[in-house]
Amino acid sequence: MNGIRLVLYVQARKEEADATTLSSVAWGDVLDDAFPICASLVDSNRNEMIALGACGFLRVVDSLNSATLNDCQEIGNKFVGNTLSVLDLAFKISREGPVVVAIGQTQSRIFAMLQELGGNWESRYRNRRRKVTRQWLTTLARSSHQGASDSRCWNLLVGGLISLLLQHAKNDSKADIMELGRLGLSALLPLTDADIVMDQKTLVTSMTAMINLLFGAYPIMPHHGGKILCHLLSAASLAVPTSSTRKLSIYTSATALVICGPKFTKEIIDSILNGQDSFQDIMVATTSEVTKLAEKLRE
């Protein structure tokens, strides 16, 4: 019944918003009315209801804008805080792929909206975003180390992590993501191992997340340069030569080489290129390709 109420409510408000610009008082009513409907769905023990509730929250968030929230800050702040709390709890107990993706997309969209608003809105929830990102990384690290299915890891990456890490990378203050740098590497590097991860889409999404992490936590990445490059060069060497996975692996490796610098990576590169007899031809060719691309990226 709540699912039907949500669909009818959102459609009615959409038509009303299309016809006229809602006042701050009207938007306050929307947020007050929508929250209990969506929250009761997310609190359900049925996966389809949880996903529907998360999508309902997402639909409301997508309808908001800076003027709306700034005009009804008290109600907007209450809605955002309570919505994040409901989604945090749902994420801790959810395992189904579509549910995890719906929760993550809604959480990341809320934080993206707050980042776009800037000012007090972003600073007020910056710590909250860091805690949510840590929660997702911890779950991914546990999944990747315990041999969870590739699809489980893919859901976590696509659902929330790629977007959350991108937001951290775009943030002028790197303090929050630097704190998560080591945890991020622990979660993502095992997923770049093509001997373990058989699903190409999981490899691709892990590389995408890795790029965001490299840019976001770049001040501490040089200290882990050797470990990062070993994983990425191996992944690129094992990928099908003409595949998009290999192209992305090459680009990610070159990005890591630029960000980490020569201090912690030069020894590895030199050992491969100067000791060619000790390495397979594909590894030597891959390393050479990565170094050439890195030079172009530095220009």
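The text that follows walks through the structure, step by step, so that each part is easy to find.

### Thoughts on the packing of helix α13 (residues 244–260) against helix α15 (residues 281–298)
- Remark: α13 packs on α15, axes separated minimally by 8 Å, with the N-to-C direction vectors making an angle of 60°. One way to sum up the angle between α13 and α15 is to call them oblique. Classified by chirality, the crossing of α15 by α13 is right-handed. Judged by residue contacts, Arg246, Ile250, Tyr251, Ser253, Ala254, Thr255, Leu257 and Val258 of α13 engage Ile282, Thr286, Glu289, Val290, Thr291, Leu293, Ala294, Leu297 and Arg298 from α15.
- For the contact of α13 with α15, the class distribution of residues is 10 nonpolar, four polar and three charged.

### Overview of the packing of helix α12 (residues 225–238) against helix α14 (residues 266–274)
- Their axes nearest at 9 Å, the elements α12 and α14 cross at an angle of 40°. Between α12 and α14, the interaxial angle falls into the category oblique. Side by side, α12 and α14 meet where Gly226, Leu229, Cys230 and Leu233 of the first sit next to Ile268, Ile269 and Ile272 of the second.
- Of the residues contributing to the contact of α12 with α14, the split by class is six nonpolar, one polar and no charged.

### A few points about empty space enclosed by the protein
- Following the criterion strictly, the structure yields one cavity of 30 Å³ or more and no others.
- Here the largest cavity is characterised by a volume of approximately 30 Å³.
- Looking at the lining of the largest cavity, the elements with two or more residues in it are α6 (97–117) and α7 (119–145).
- No other element matches the four residues that α7 contributes to the lining of the largest cavity.

### Structural notes on α13
- For α13, which comprises 17 residues, the first-to-last C-alpha distance of 24 Å matches the rise-based estimate of 24 Å (1.5 Å per residue) to within 8%.
- The buried fraction of α13 amounts to 13 of the 17 residues, a majority that puts the element mostly inside the structure.
- Downstream of α13 by one or two residues, Gly261 has phi in the positive range, about 75°.

### Thoughts on the pattern of salt bridges
- Within this structure, the stated rule accounts for eight salt bridges.
- Ionic pairing is found between Glu48 and Arg46, a salt bridge with its closest N-O pair at 2.7 Å.
- Overall, the relative accessible area of 44% leaves Glu48 in the partly exposed class.
- Taking the relative accessible area as the measure of exposure, Arg46 reaches 44% and is therefore partly exposed.
- Measuring nitrogen to oxygen at the nearest pair gives 3.1 Å for the salt bridge that ties Arg246 to Glu289. Residue Arg246 is found in helix α13, and its partner Glu289 is found in helix α15; the two are separated by 43 residues along the sequence.
- Look at Glu289 and you get partly exposed, because its relative accessible area is 37%.

### Focus on the environment of Lys247
- Tracing the backbone shows Lys247 in helix α13.
- When the C-alpha positions of Lys247 and Ala236 are compared, they lie 7.8 Å apart, and in sequence the two are 11 residues distant.

### Quick look at the packing of aromatic side chains
- For the structure on display, the rule yields four aromatic pairs.
- With 6.4 Å between their ring centres and 80° between their planes, Phe35 and Phe79 make a pair best called edge-to-face. Taken together, the residues Phe35 in helix α2 (residues 24–42) and Phe79 in helix α5 (residues 73–93) connect sequence positions 44 residues apart.
- Take Phe79: its relative accessible area is 4%, and that puts it in the buried class.
- An aromatic cluster of at least three residues, connected via ring pairs, comprises Phe35, Phe57 and Phe79.
- Positioned over the ring face of Trp154 is Lys201, at 4.3 Å from the centre of the ring.

Criteria and cut-off values
- Residues numbered from 1 in each chain as written.
- Predicted model: local features only at pLDDT ≥ 70, side-chain atom pairs only at ≥ 80, totals over all residues.
- Heavy atoms only, no water.
- Axes fitted to C-alpha atoms, helices over the stretch in contact; angles between N-to-C directions.
- Helix = DSSP H or I, 4+ residues; strand = E, 2+ residues; numbered from the N terminus.
- Parallel < 35°, antiparallel > 145°, perpendicular 65-115°, else oblique.
- Left-handed = near helix turned anticlockwise from the far one by under 90°.
- Contact = heavy atoms within 4.5 Å.
- Nonpolar A, V, L, I, M, F, W, Y, C, P; charged D, E, K, R; others polar.
- 1 Å grid on protein atoms, 1.4 Å probe; cavity = no way out; pocket = protein on both sides within 12 Å on 5 of 7 lines; lining within 4 Å.
- Points joined across faces, edges and corners; volume = space filled by probe spheres on them.
- Expected span 1.5 Å × (residues − 1).
- Buried < 20%, exposed > 50% of the residue type's maximum accessible area, 1.4 Å probe, protein only.
- Salt bridge = Lys/Arg side-chain N within 4 Å of Asp/Glu carboxyl O.
- Phe/Tyr/Trp six-rings, centres within 6.5 Å; stacked < 30°, edge-to-face > 60°.
- Lys NZ or Arg CZ within 6 Å of the ring centre and 35° of its normal.

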